[in-house]
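Descriptive structure summary
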Amino acid sequence: MSLSQKLKDGAALLGFHVVRNYQNPPHTLMGLKRFPIRTVIDIGANTGQFARYIRRHLPDADLYCFEPTPSAFRELEIWTRGLRGVVAAQVALGEEAGITEMYVHSNHSASSSLLASSPQSAALYPFTKVQTK
(Lines give C-alpha, C1' and ligand atoms only; values in the text may rest on other atoms or scores of the structure.)
Protein backbone atom coordinates (compact mmCIF):
# COMPACT_ATOMS: atom_id res chain seq x y z
CA MET A 1 0.00 0.00 0.00
CA SER A 2 1.38 3.41 -1.01
CA LEU A 3 1.94 6.26 1.43
CA SER A 4 -0.71 8.24 -0.43
CA GLN A 5 -3.28 5.49 0.12
CA LYS A 6 -2.33 5.16 3.80
CA LEU A 7 -2.86 8.89 4.29
CA LYS A 8 -6.24 8.74 2.52
CA ASP A 9 -7.27 5.76 4.65
CA GLY A 10 -6.18 7.58 7.82
CA ALA A 11 -8.12 10.68 6.80
CA ALA A 12 -11.18 8.51 6.10
CA LEU A 13 -11.04 7.16 9.65
CA LEU A 14 -11.31 10.78 10.82
CA GLY A 15 -14.27 11.42 8.52
CA PHE A 16 -12.42 13.16 5.67
CA HIS A 17 -12.43 12.30 1.98
CA VAL A 18 -9.22 13.38 0.23
CA VAL A 19 -9.22 14.04 -3.52
CA ARG A 20 -7.01 16.06 -5.85
CA ASN A 21 -8.37 19.49 -6.76
CA TYR A 22 -8.83 18.59 -10.42
CA GLN A 23 -11.28 15.90 -9.25
CA ASN A 24 -12.92 17.97 -6.51
CA PRO A 25 -16.49 19.03 -7.48
CA PRO A 26 -16.26 22.50 -5.87
CA HIS A 27 -13.01 23.13 -7.75
CA THR A 28 -14.46 21.94 -11.07
CA LEU A 29 -17.85 23.65 -10.51
CA MET A 30 -19.45 20.20 -10.53
CA GLY A 31 -17.86 19.53 -13.93
CA LEU A 32 -19.01 22.80 -15.52
CA LYS A 33 -15.47 24.15 -15.88
CA ARG A 34 -14.88 21.80 -18.80
CA PHE A 35 -17.39 23.84 -20.86
CA PRO A 36 -16.53 27.20 -22.45
CA ILE A 37 -18.91 29.22 -20.25
CA ARG A 38 -18.74 32.87 -21.25
CA THR A 39 -21.79 34.34 -19.46
CA VAL A 40 -23.24 33.80 -15.98
CA ILE A 41 -26.52 35.29 -14.78
CA ASP A 42 -26.89 35.64 -11.00
CA ILE A 43 -30.55 36.21 -10.16
CA GLY A 44 -31.01 37.27 -6.55
CA ALA A 45 -27.31 38.07 -6.28
CA ASN A 46 -27.58 39.47 -2.74
CA THR A 47 -24.16 40.92 -1.88
CA GLY A 48 -22.39 38.95 -4.61
CA GLN A 49 -21.39 35.77 -2.79
CA PHE A 50 -22.01 33.50 -5.80
CA ALA A 51 -20.68 36.08 -8.27
CA ARG A 52 -17.39 36.33 -6.37
CA TYR A 53 -17.06 32.54 -6.37
CA ILE A 54 -17.76 32.36 -10.11
CA ARG A 55 -15.35 35.21 -10.79
CA ARG A 56 -12.54 33.20 -9.12
CA HIS A 57 -13.32 30.07 -11.14
CA LEU A 58 -14.41 31.62 -14.45
CA PRO A 59 -12.46 34.89 -14.54
CA ASP A 60 -13.17 35.56 -18.23
CA ALA A 61 -16.95 35.03 -18.06
CA ASP A 62 -19.25 38.04 -18.17
CA LEU A 63 -21.41 38.28 -15.03
CA TYR A 64 -24.87 39.84 -14.84
CA CYS A 65 -26.02 40.24 -11.24
CA PHE A 66 -29.61 41.15 -10.33
CA GLU A 67 -30.51 42.12 -6.76
CA PRO A 68 -33.62 44.10 -5.77
CA THR A 69 -33.05 44.81 -2.05
CA PRO A 70 -31.33 48.16 -1.47
CA SER A 71 -28.95 47.19 1.36
CA ALA A 72 -27.65 44.05 -0.36
CA PHE A 73 -27.43 45.85 -3.70
CA ARG A 74 -25.27 48.63 -2.21
CA GLU A 75 -22.66 46.07 -1.17
CA LEU A 76 -22.90 44.28 -4.52
CA GLU A 77 -22.52 47.56 -6.39
CA ILE A 78 -19.42 48.51 -4.40
CA TRP A 79 -17.82 45.16 -5.26
CA THR A 80 -18.66 45.43 -8.98
CA ARG A 81 -17.34 48.98 -9.44
CA GLY A 82 -14.45 48.94 -11.86
CA LEU A 83 -14.68 45.22 -12.60
CA ARG A 84 -14.55 44.45 -16.30
CA GLY A 85 -17.32 42.18 -17.48
CA VAL A 86 -19.48 42.49 -14.36
CA VAL A 87 -22.84 44.29 -14.44
CA ALA A 88 -25.07 44.83 -11.41
CA ALA A 89 -28.71 45.89 -11.67
CA GLN A 90 -31.05 46.72 -8.81
CA VAL A 91 -34.13 44.89 -10.07
CA ALA A 92 -36.04 41.69 -9.39
CA LEU A 93 -36.56 39.46 -12.38
CA GLY A 94 -39.89 37.83 -12.99
CA GLU A 95 -42.49 36.76 -15.46
CA GLU A 96 -44.37 40.06 -15.48
CA ALA A 97 -43.39 43.71 -15.40
CA GLY A 98 -44.53 45.59 -12.35
CA ILE A 99 -43.74 46.84 -8.88
CA THR A 100 -44.06 44.69 -5.78
CA GLU A 101 -42.78 44.55 -2.22
CA MET A 102 -40.05 42.25 -0.94
CA TYR A 103 -39.96 40.48 2.40
CA VAL A 104 -36.48 41.29 3.69
CA HIS A 105 -35.14 38.97 6.35
CA SER A 106 -33.34 41.14 8.86
CA ASN A 107 -31.15 38.32 10.16
CA HIS A 108 -30.30 36.76 6.78
CA SER A 109 -30.75 39.05 3.78
CA ALA A 110 -29.74 36.26 1.38
CA SER A 111 -33.07 34.54 2.05
CA SER A 112 -35.22 37.59 1.34
CA SER A 113 -38.11 36.83 -0.98
CA LEU A 114 -41.23 38.04 -2.72
CA LEU A 115 -43.01 35.50 -0.51
CA ALA A 116 -43.53 35.83 3.23
CA SER A 117 -41.90 33.19 5.42
CA SER A 118 -44.30 30.49 6.46
CA PRO A 119 -44.51 29.30 10.07
CA GLN A 120 -42.82 26.06 8.96
CA SER A 121 -39.97 27.97 7.32
CA ALA A 122 -39.48 30.09 10.43
CA ALA A 123 -39.42 26.94 12.58
CA LEU A 124 -36.89 25.18 10.35
CA TYR A 125 -34.83 28.29 9.58
CA PRO A 126 -35.15 30.69 12.52
CA PHE A 127 -33.17 33.39 10.68
CA THR A 128 -36.19 33.83 8.36
CA LYS A 129 -38.60 34.63 11.20
CA VAL A 130 -37.84 38.37 11.41
CA GLN A 131 -38.90 40.01 8.16
CA THR A 132 -39.98 43.44 7.00
CA LYS A 133 -41.77 44.60 3.87
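Residues numbered from 1 in each chain as written. Predicted model: local features only at pLDDT ≥ 70, side-chain atom pairs only at ≥ 80, totals over all residues. Heavy atoms only, no water.

1. Section: the overall build of the protein chain
Of regular secondary structure, the protein chain possesses five helices and five strands. For the protein chain, the N- to C-terminal ordering of α and β elements is α-α-β-α-β-α-β-β-α-β. Here the C-alpha atoms of the protein chain give a radius of gyration of 20 Å, more than 25% beyond the 14 Å that 2.2 N^0.38 yields for 133 residues. Taken over the C-alpha atoms alone, the protein chain extends approximately 65 × 40 × 25 Å along its principal axes. In the protein chain, which comprises 133 residues, the proportion classed as buried is 26%. The contacts of the protein chain with a sequence gap of at least 6 include a subset with a gap of at least 24, amounting to 40%. About 9600 Å² of surface is accessible on the protein chain, with carbon and sulfur atoms providing 58% of the total. (Helix = DSSP H or I, 4+ residues; strand = E, 2+ residues; numbered from the N terminus. Rg over C-alpha atoms; globule rule 2.2 N^0.38 Å. Buried < 20%, exposed > 50% of the residue type's maximum accessible area, 1.4 Å probe, protein only. Contact = heavy atoms within 4.5 Å. Areas by Shrake-Rupley, 256 points an atom, 1.4 Å probe, with all protein chains shown as cover.)

2. Re unusual backbone geometry
Even without being glycine, Asn 46 reaches a positive phi, approximately 55°. Residue placement: Asn 46 occurs in the loop between β1 (39-43) and α3 (49-57).

3. Details of the side chain of Thr 69
Topologically, Thr 69 is positioned in the loop between β2 (62-66) and α4 (70-80). With sequence-adjacent residues up to four places away left out, Thr 69 is seen in contact with Gln 90, Met 102, Val 104 and Ser 112.

4. Looking at the pattern of salt bridges
Considering all chains together, one arrives at one salt bridge under this definition. Between Lys 133 and Glu 101 there is a salt bridge, with its nearest N and O atoms 3.4 Å apart. Of this pair, Lys 133 sits in the segment after β5 (131-132) while Glu 101 is found in the loop between β3 (86-89) and β4 (104-105), placing the two residues 32 residues apart along the sequence. Accessibility expressed as a relative area gives 60% for Lys 133, which makes it exposed. The partly exposed category is assigned to Glu 101, whose relative accessible area is 48%. (Salt bridge = Lys/Arg side-chain N within 4 Å of Asp/Glu carboxyl O.)

5. Concerning the pairing of β3
For β2 and β3, the ladder comprises four bridges, and the chain directions are parallel. The partner of Phe 66 across the bridge, within β3, is Ala 89. Once you follow β2 into α4 and on to β3, the crossover reads as right-handed. (Pairing = 2+ DSSP bridges. Right-handed = clockwise from strand over helix to strand, strands pointing away.)

6. A few points about the sheet that holds β2
As summarised here, the arrangement of the three strands in space is β1-β2-β3, forming an open sheet in which the pairing is parallel. Each of the sheet's edge strands pairs with one partner strand only, and the pair in question is β1 and β3. Here the strands of the sheet are splayed against their neighbours by 10° on average, with no regard to which way each runs. Judged from the five bridges that link them, β1 and β2 form a sheet pairing that is parallel. When the sheet's bridge partners are listed, Val 40 is paired in β2 with Leu 63. Packing of α4 onto the sheet brings it into contact with β2 and β3, and relative to β3 it is tilted by some 160°. (Axes fitted to C-alpha atoms, helices over the stretch in contact; angles between N-to-C directions.)

7. A short note on a nonpolar patch on the surface
Where nonpolar side chains cluster on the molecular surface, the patch consists of Ile 41, Ile 43, Tyr 64, Val 87, Val 91 and Leu 93 and spans about 530 Å² of accessible area. Tracing the backbone through its elements, the reader meets Ile 43 in strand β1. Looking at Ile 43, the relative accessible area reads 56%, which means it is exposed. (Patch = residues over 30% accessible without salt bridge, like charges linked within 9 Å, V, L, I, M, F, W, Y side chains within 5 Å.)

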